[in-house]
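# Architecture at a glance
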Amino acid sequence: FAMSSVDATKFQQLSKSFNDIFTGGTGFMEFTSPTEGDPTQGDRQEGALLGKDEGTGSLGEKDKKELSELQERVDQYIEKNSLDEKLDTQLTGEGLMVSIRDSVLFDSGSADVKAANRGVADEIASLLVMDPPRSIVISGYTDNVPISTSRYASNWDLSVMRAVNFMKILLDNPKLDPEWFSAKGFGEYKPVASNSSAEGRAQNRRV
């Protein structure tokens, strides 16, 4: 591992972790653990290494402040362009989440964005043009209908491809750099509506 500057306490803790993994606690990086006697210290230290608030796994205060300001600018864009019924924002433990409201993006079993929803994607692409730029994650989801086809072996595969296909539409905007983007899939496991009805399943087929 590499660090731009070495913090002795962090170095010792990481060294102990590597020793435990590779050598059972002995080896050239063997140090006295800085956390002996305090079983909670390790969690707090891990949180600090990840740039989160200690022990909470949540955003740090600086991140919260910057993202709150960003949320305000995005909300102003949404209001100015009359997108209140289409888009919503929320600060979460991961960052600023932009949600698409009441919009059925995909047919069941398909990862192709419906033509009627491409306008929403274009609007989102416009509001993602930020200075300075931010890392942007597109998350895909499915309903709970099982799938196993030549294209998609499971709902995991389908959800990832929904995110990728939506991301490609966003990147049609020449002001967005692909370097800022990544995609991930949650399959059927984080529904926003009940899968017991056709309407609910439609809402769950989303990014």
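First, a word on scope: everything that follows refers to the structure included in this document. (Residues numbered from 1 in each chain as written. Predicted model: local features only at pLDDT ≥ 70, side-chain atom pairs only at ≥ 80, totals over all residues. Heavy atoms only, no water.)

### A look at the nonpolar core
Condition: Residue types Ala, Val, Leu, Ile, Met, Phe, Trp, Tyr and Cys, when buried and joined through side-chain atoms within 4.5 Å, form a set referred to as a nonpolar core. Burial status follows relative accessibility: with a 1.4 Å probe on protein chains alone, a residue under 20% of its type maximum counts as buried, one over 50% as exposed, and anything between as partly exposed. The contact criterion used throughout is that any non-hydrogen atoms of two residues lie within 4.5 Å.
Counting residues in each nonpolar core, the largest one holds 28 residues, and the members touching the most others are Leu128, Ile138, Phe166 and Leu170. Sequence-distant contacts of Leu170, defined by excluding residues within four places in its chain, comprise Ala121, Ile124, Ala125, Leu128, Ile138, Leu176 and Phe181.

### Description of the pattern of salt bridges
Using the following cut-off: When a carboxyl oxygen of Asp or Glu is within 4 Å of a side-chain nitrogen of Lys or Arg, the pair counts as a salt bridge. Helix and strand definitions here come from DSSP, where helices need a minimum of 4 consecutive H or I residues and strands a minimum of 2 consecutive E residues; each element is numbered from the N-terminal end.
Under the criterion given, the structure shown has seven salt bridges. Note that Lys184 and Glu94 form a salt bridge whose closest N and O atoms lie 3.2 Å from each other. With a gap of 90 residues between them, Lys184 in strand E4 (residues 181-185) and Glu94 in the loop between strand E1 (87-91) and strand E2 (96-100) connect regions that are remote in the sequence. For Glu94, a relative accessible area of 66% corresponds to the exposed category. Put simply, Asp172 and Arg118 hold a salt bridge, and the shortest N to O gap is 3.7 Å. Residue Asp172 is found in the loop between helix H5 (155-170) and E4, and its partner Arg118 is found in helix H4 (residues 118-127); the two are separated by 54 residues along the sequence. Overall, the relative accessible area of 36% leaves Arg118 in the partly exposed class.

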